[in-house]
Amino acid sequence: MKYPWTHTEDSLPPNDELVVAAYRDEAGHWRQVMASYIQKNTTVPPPECELGDYDEFQDEFYLPEGWYERIIGCDDFSYLEIGQTVTHWMHLPTNPIET
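Keep in mind that this is a model prediction, so the values were computed, not measured.

Tallied over the entire structure, the rule returns 2 aromatic pairs. Both rings, one in Tyr37 and one in Trp67, keep their centres 5.4 Å apart while their planes meet at 65 degrees; by these two values the pair is edge-to-face. Of the two residues, Tyr37 sits in strand E3 (residues 30–38) while Trp67 sits in strand E6 (residues 66–70), which places them 30 residues apart along the sequence. For the pair shown, Tyr37 and Trp67 are each scored as buried. Measuring from centroid to centroid gives 6.1 Å for Tyr68 and Tyr79, while their planes differ by 80 degrees, and the two rings are edge-to-face. Taken together, the residues span a long stretch of sequence, with Tyr68 in strand E6 and Tyr79 in strand E7 (residues 79–81) at a distance of 11 residues. The burial state of Tyr68 is the same as that of Tyr79; both residues are buried.

What follows is the structure, encoded as structure tokens:
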């Protein structure tokens, strides 16, 4: 089963949903990573994260809006800001069904 890529100009995934994101690195090669798109003032950074935009009204720090590579199971770096322009994304495939 093929999973279709969605261009980021057409739509973005729901906030903080885990997806596959694709972008070209500095050398022009495609990279595919598990990632999430974070909308402005929606996600509080984990304690180990040094990124954050302060919202005076909410008196809270939030991750800056943008794409983040997600490292699942790594407490030290669970959100890594992607420095390149993400151009495409797709939903993760479903889990296998055991028979």
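It is worth spelling out the side chain of Ser36 at this point. Tracing the sequence through the fold places Ser36 in strand E3. Here the side chain of Ser36 touches Glu17 through a polar contact of 3.3 Å, landing on its backbone oxygen. Side-chain polar atoms of Ser36 contact the side chain of Arg70, separated by 3.0 Å.

Moving on to the environment of Tyr79. On the basis of relative accessible area, Tyr79 is assigned to the buried category, the value being 13%. For the pair Tyr79 and Trp67, spaced 12 residues apart in sequence, the C-alpha to C-alpha distance is 9.2 Å. With sequence-adjacent residues up to four places away left out, Tyr79 is seen in contact with Asp16, Ile38, Thr43, Pro46, Leu63, Tyr68, Glu69 and Arg70. At a separation of 3.0 Å, a polar atom in the side chain of Tyr79 contacts the side chain of Asp16.

Turning to the environment of Ala35, a few remarks are in order. With respect to the helices and strands, Ala35 occurs in strand E3. Judged by relative accessible area, which is 0%, Ala35 ranks as buried. Sequence separation of Ala35 and Trp67 is 32 residues, and the distance between their C-alpha atoms is 6.8 Å. Among all residues touching Ala35, those that are not within four sequence positions of it are Glu17, Leu18, Val19, Ala21, Trp67, Tyr68, Glu69, Arg70 and Ile82.

For the rest of this paragraph, the subject is the sheet that holds E6. If you walk across this open sheet you meet the 6 strands as E1-E8-E2-E3-E6-E7, and the pairing is antiparallel. Edge positions in the sheet fall to strand E1 (6–7) and E7, since each of these pairs with one other strand and no more.

Segments scoring low in pLDDT should not have their predicted coordinates read at a detailed level. The share of residues in the protein with pLDDT of 70 or more is 90%, and the mean pLDDT across the chain is 87. Here strand E4 (residues 53–55) is the element of the protein with the lowest mean pLDDT, 80, and strand E2 (residues 19–24) is the one with the highest, 98.

Reading the values: rules and limits
Residue numbers here run from 1 along each chain, matching the order of that chain's written sequence. Where local features are concerned, this predicted model is filtered to residues with pLDDT of at least 70; where side-chain atom pairs are given and counted, the filter is 80 or more; whole-chain, interface and lining totals use all residues. Side-chain figures throughout are based on the complete set of non-hydrogen atoms in the structure, without hydrogens or water. Each aromatic pair joins two rings of Phe, Tyr and Trp (for Trp, the six-membered one) with centres within 6.5 Å, and gets the label stacked for planes under 30 degrees apart, edge-to-face for over 60, and tilted for any other angle. The way it works is that DSSP assigns letters per residue, a run of H or I at least four long becomes a helix, a run of E at least two long becomes a strand, and they are numbered from the N terminus. Using a 1.4 Å probe on the protein chains alone, a residue whose accessible area is under 20% of its type maximum counts as buried, one over 50% counts as exposed, and one in between counts as partly exposed. For this analysis, a polar contact is any N or O atom pair within 3.5 Å, provided that within protein one partner can donate a hydrogen and the other can accept it, and provided that sequence-adjacent residues contribute only side-chain to side-chain pairs. Contact between two residues is taken to exist if any of their heavy atoms lie within 4.5 Å; hydrogens are not considered. DSSP-based pairing: two strands are paired if at least 2 bridges between them are found. The score called pLDDT rates the predictor's confidence residue by residue, from a low of 0 to a high of 100.

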